[in-house]
Amino acid sequence: MILSKRSSSAAALLALVLTPAVSAAQEEVKVKTLAPPDYFSSPAARTGIGGDLWKDTAPDIMRDVVPKLAGSKPLSPAFASLARRLLSTGANGPAGVGDNADMGAQRALALIALGEAKGANAILDRTTGAAGSGALSMAIAEAALIAGDDDKACQAEQALTVDRGAAYWLRLRTFCQLKAGQNDAAQLTFQLAQAQTKDADYARLMNAAMNGAAPGTASLKNGVDYALSRRLNLDIQSASAIASASPALKPLIKPMGGDLAGVSPGADLTATEAADIAFLRQAKTLDGFVEAAQASAGSIAALAQAGGPLREPVLLARAAIASGDVATAQTIRGRLTADKTPGATTTDLAILDALIAAASGKVDNQVLGNLIARGATGGAKSPAQPAAVLLASLGGAMDPDARAQFANFELPKPVASPARAVLLDAAGAAKRKGEAGLLALSIALETGPTGPQPVDRARIAQGLVHAGLVVDARAIVVEGLLGLAYAK
């Protein structure tokens, strides 16, 4: 078809008009393609926390706290859970943090250190730029080794273009060379690794793998040691291996305790109960009690379902809560009366009621009032006073008499940083969930594996409730209540 001059002019004009729009669209696509990745946007697990988690969080608070979560300072179980939930949530980080590869690496390393290597593996599979980052590559390698994917770890080592002479990479390279049958190269690299930093467990295991020396016991200290232990077919469930396990590798340990799911109601479980009580009582720390409770969860549930009298029902109910089985604790509590509870006082029962209320998310005003009354009667040495402070942090109303009694409680002075506590209050009031969570963790990191004392813990929980992290606040209160008398 032959176009007229008018048609040609119209087509030219249309092309002229459309060209800027097309160019702009292309430019927009180009800009979007080149936009830096956000290293916090991919979820490691479903947490129920929204995508606005890090909204208005101070970048420098995040830069300060997140790397510490990958360090050696331990957290109590409830605060470790808070850290995992925050870092597992997929949400864009603050400006200058979300697009920073080093901060992305610290997120992944912290997840690994907190026992969430599986989740870290998932987000690292979608991460770019690892070859130019020693920290990101280390996160990829450790997560892969813990998952048993030695090939992936070795690929990360081979692709790395920086920091190749660091001790970690020399140790991993030795393992990878040995795995590839490059024995002479492995011997040389091993010597370089040991000359830089001596590590007795690594040396023992590597000597066994290369030279046939006696391997000794498995080590679960880190991913490389675990990979060597697997290669040597060592028992990672042995007592010595379990004792060596870092938090990163503890998820690999199989829980102790039998499966009593098939026990029929009315069966004689006297021996089982005695064993559970002895096992729970041997725990010397709160963390140890929680681990013992989780290992005994099946048998405690069977004991509750059997419906027979229990020698230490309050202890078993506390253990059920520690393992996350609130229903079993409620079943046990439903059969108890104040004057017929073996080995328990009315204060013990009041604290148990507080535990059940906090764990179930139903803060009962009557439970709180009864706890305050016990605290007022028992005085400063009564565990009911700190228990009441903890439960009150989750909400609930006090009548005038209870408020007056509560006001006169004699509690220890707070030890948390006043500045961080004030900022936590402000973050909670402003609904800055991420910042509130990080400030809570910064306080907890200074207190060790038992966590903050009740007064500080209550203030943290209250701030988290206001911020919208209610699940975490409840867990922190439950842990605090258990810590008052976990060995009872």
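For the structure, check the block above.
By convention here, each chain's residues receive numbers from 1 onward along its written sequence. Local features in this predicted model are restricted to residues whose pLDDT is 70 or higher, and side-chain atom pairs enter the listing and the counts only when it is 80 or higher, whereas totals over whole chains, interfaces and linings include all residues. The basis for every side-chain value is the complete set of non-hydrogen atoms in the structure, without hydrogens or water.

## Some points on the packing of aromatic side chains
Pairing of aromatic rings covers Phe, Tyr and Trp, the last through its six-membered ring, and needs centres within 6.5 Å; plane angles under 30 degrees mean stacked, over 60 mean edge-to-face, and all others mean tilted. Across all of its chains, the model carries 4 aromatic pairs by this definition. Ring centres of Phe40 and Trp54 lie 6.4 Å apart, and the angle between their planes is 80°; this geometry places the pair in the edge-to-face category. Of this pair, Phe40 sits in the loop between α1 (5–34) and α2 (59–69) while Trp54 sits in the loop between α1 and α2, and the two are 14 residues apart along the sequence. For the pair Phe40 and Trp54, one class covers both residues: buried. Seen in terms of ring centroids, Tyr168 and Trp169 are 5.0 Å apart; in terms of plane orientation they differ by 85°. Their pairing is edge-to-face. Exposure classes here rest on a 1.4 Å probe applied to the protein chains alone. A residue is buried below 20% of its type maximum, exposed above 50%, and partly exposed in between. By relative accessible area, which is 2% here, Trp169 ends up buried. Here the guanidinium or amino end of Arg171 rests over the ring plane of Tyr202, the centre of that ring lying 5.7 Å away. Its guanidinium or amino end placed over the ring of Tyr226, Arg230 lies 4.7 Å from that ring's centre, counting from NZ or CZ. Secondary structure counts use DSSP, requiring at least four H or I residues in a row for a helix and at least two E residues in a row for a strand, with both numbered from the N terminus. Only Lys NZ and Arg CZ are tested; either one counts as a charge over a ring when it is within 6 Å of the ring centre and within 35 degrees of the ring normal.

## Overview of α2
Burial in α2 covers these residues: Ile61, Met62, Val65, Val66 and Leu69. Along α2, the residues classed as buried sweep out an arc of 105° about the axis, all on the same side. Its buried side turned inward, α2 meets α3 (77–88), α4 (101–113) and α23 (433–444). Our arc is simply the arc of the directions from the helix axis toward the C-beta atoms. Residues are treated as being in contact if the distance between any of their heavy atoms lies within 4.5 Å.

## Comments concerning the packing of helix α13 (residues 270–281) against helix α15 (residues 297–306)
Where α13 contacts α15, the axes come no closer than 10 Å and their chain directions differ by 135°. Accordingly, the angle class assigned to the pair α13 and α15 is oblique. Crossing of α13 against α15: the hand is left-handed. Across the interface between the two elements, Thr272, Glu273, Asp276 and Leu280 from α13 touch Ser299, Ile300 and Leu303 from α15. Fitted lines through C-alpha atoms give the axes, limited to the stretch in contact for helices. The angle between two N-to-C directions lies from 0 to 180 degrees. Note on terminology: angles under 35 degrees are roughly parallel, angles over 145 are roughly antiparallel, angles of 65 to 115 are roughly perpendicular, and the others are oblique. The handedness criterion is simple: a crossing whose near helix is rotated anticlockwise from the far helix by less than a right angle is left-handed, and one whose near helix is rotated clockwise is right-handed.

## A closer look at the packing of helix α6 (residues 134–147) against helix α11 (residues 223–231)
Packed helix pairs are characterised by how far apart their axes lie and by the angle those axes make with each other. At their nearest, the axes of α6 and α11 sit 8 Å apart, and the two run at 30° to each other. Here α6 lies roughly parallel to α11, going by the angle between them. Handedness of the crossing formed by α6 with α11: left-handed. Of the residues in α11, those in contact with Glu142, Leu145 and Ile146 of α6 are Gly223, Val224, Tyr226, Ala227 and Arg230. When residues are grouped by polarity, Ala, Val, Leu, Ile, Met, Phe, Trp, Tyr, Cys and Pro land in nonpolar, Asp, Glu, Lys and Arg in charged, and all others, Gly among them, in polar. When the residues that make up the contact of α6 with α11 are grouped by side-chain class, the tally is 5 nonpolar, 1 polar and 2 charged.

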